[in-house]
Structure formats: structure tokens, C-alpha cells
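# Chains, contacts and geometry: an overview
Take a look at the letters that make up each chain.
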Amino acid sequence: ATQATDPKPPRPKKPPQPLVIPKNAIEEQRLKLERLMKNPDKTVQIADRLKEWAPRAPPEFVRDVMGSSAGAGSGEFHVYRHLRRREYQRQEFMDNMTEQQKLNEEFERKLEQNRMVAEERTAKRRQKRQKLKQKIKMMKTMNSEKEKQDADSANSDEQPSEEEKSDPETAEEKAEKPSFITGGGL
């Protein structure tokens, strides 16, 4: 009985918030973010995506079939009008859906075509890179073989052959004789 007579304890008062009117969209976004970040533990409700509108399925059995005969009541016209409007909405919805499907298929086809073109281009460039690598590798192997031959010939030059041993003058003449003619006065 004493609880009913006792007044409720006063609520703690919040400090007064200054009134801020956003001047543009950036300030409005900033204010919303500040309000969200005041209490980061509080969960934020994110609305689900709205379901796409779909018309009601047409009735399987129509009870109130209206004919063109005279004697129809004044309220029958409105019933007919609503049925007609609903049917037109359903047909328009189906037309829009088929159009959307065509656009999606065309978009997917275009994506696939772009993907194929990009893949062909990539394959062509990959083949070109591999060809270049192979060419460089062949050049390196040829250079290493040439160096080996030069090293072998240098070793053979240090050890003169039997002909050079027998005739030292001809070896010197061969060494002095140029293998090509340099430009000059003939």
C-alpha cells in the first residue's frame, strides 16, 4: 500500500543536446555517424531488402462471370473494373519480367564474350612472353656453348698443334693476317 502512495523516483535527465541543422548532405552524414558512434555497443537495425512486388495469381475458377446482358447492377461495373485492372497489372508484370530476363541474358552473354576476348588476348600475350623467354634461353645456351668453344680453342691455342710446332713462321703470319679488310685507302 505504501508503494502506491510513493511517487516514482525521478528519471535521470539527459544533458540538453544542441540543435544542429545540417546544411548539406555531408554534415547530415557526419551527424548520423556521430550519433551511431556515441554508443558503439548498441546494435544497429538494418532493414531487410524489400520483396519484389508480384501480382496475385489469377483465380482458377471465376464465380461471378459477367456477361454483356442487360440487368447488371450498378455495383457490377466496379467489380469488373477491379478485375480488369488486376489482370492488366499481372500482364504488365509478366511483360516486365520477360524484358528483365532478356536484358539479364544479354548482359550475361556480353560478359561471357568480354571474358572470352580477354582470355584470348591473355593467351596471345602469354604465348608471346613464353616465346621471348625461350628465345632468351636459347641465346644463353648458345652463348655458353660459344664460351666453351672459345675456352676450348684458347686451350688448344696454348698447346700448339703438330703443324704449328713444325712451322712457327706460318702461325705468326696467320695471327697477323686480318680476317677482314678495314676501310681505308686501296
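Everything in this summary refers to the structure shown in the same document. Sequence positions are assigned chain by chain, starting from 1 and proceeding in written order. Selection of residues for local features in this predicted model requires a pLDDT of at least 70, selection of side-chain atom pairs for listing and counting requires 80 or more, and totals for whole chains, interfaces and linings are taken over all residues. To get the side-chain values, all heavy atoms of the structure are used, and hydrogens and water are removed first.

### A word on the overall build of the protein chain
Basically, it comes down to this: Only DSSP runs of H or I covering at least 4 residues are called helices, and only runs of E covering at least 2 are called strands; the numbering of each starts at the N terminus. Classification of residues uses two cut-offs on accessible area relative to the type maximum, computed with a 1.4 Å probe and protein chains only: under 20% is buried, over 50% is exposed, and between them is partly exposed. All accessibility values rest on the Shrake-Rupley procedure with a 1.4 Å probe; residue burial counts only the protein chains present in the view.
Broken down by element type, the protein chain carries five helices and zero strands. Reading the protein chain from its N terminus to its C terminus gives the helix and strand order α-α-α-α-α. Looking at the 186 residues of the protein chain, the share that counts as buried comes to 2%. Of the roughly 19700 Å² that the protein chain leaves accessible, carbon and sulfur atoms contribute 54%.

### Regarding the pattern of salt bridges
Going by this rule: A side-chain nitrogen of Lys or Arg and a carboxyl oxygen of Asp or Glu constitute a salt bridge if their distance falls within 4 Å.
Counted by the stated rule, this structure contains five salt bridges. In this structure, the salt-bridge partner of Glu 28 is Lys 32, at a minimum N-O distance of 3.8 Å. On the criterion of helical spacing, the pair formed by Glu 28 and Lys 32 is a turn pair, its members being four residues apart in helix 2 (residues 25-38). Given a relative accessible area of 38%, Glu 28 falls into the partly exposed group. Close ionic contact of Glu 112 with Arg 115 constitutes a salt bridge, the shortest N to O distance being 2.7 Å. Of the two residues, Glu 112 and Arg 115 are both situated in helix 3 (residues 76-158); the distance of three residues between them amounts to about one turn of the helix. On the basis of relative accessible area, Glu 112 is assigned to the partly exposed category, the value being 39%.

Geometry only, nothing functional implied.
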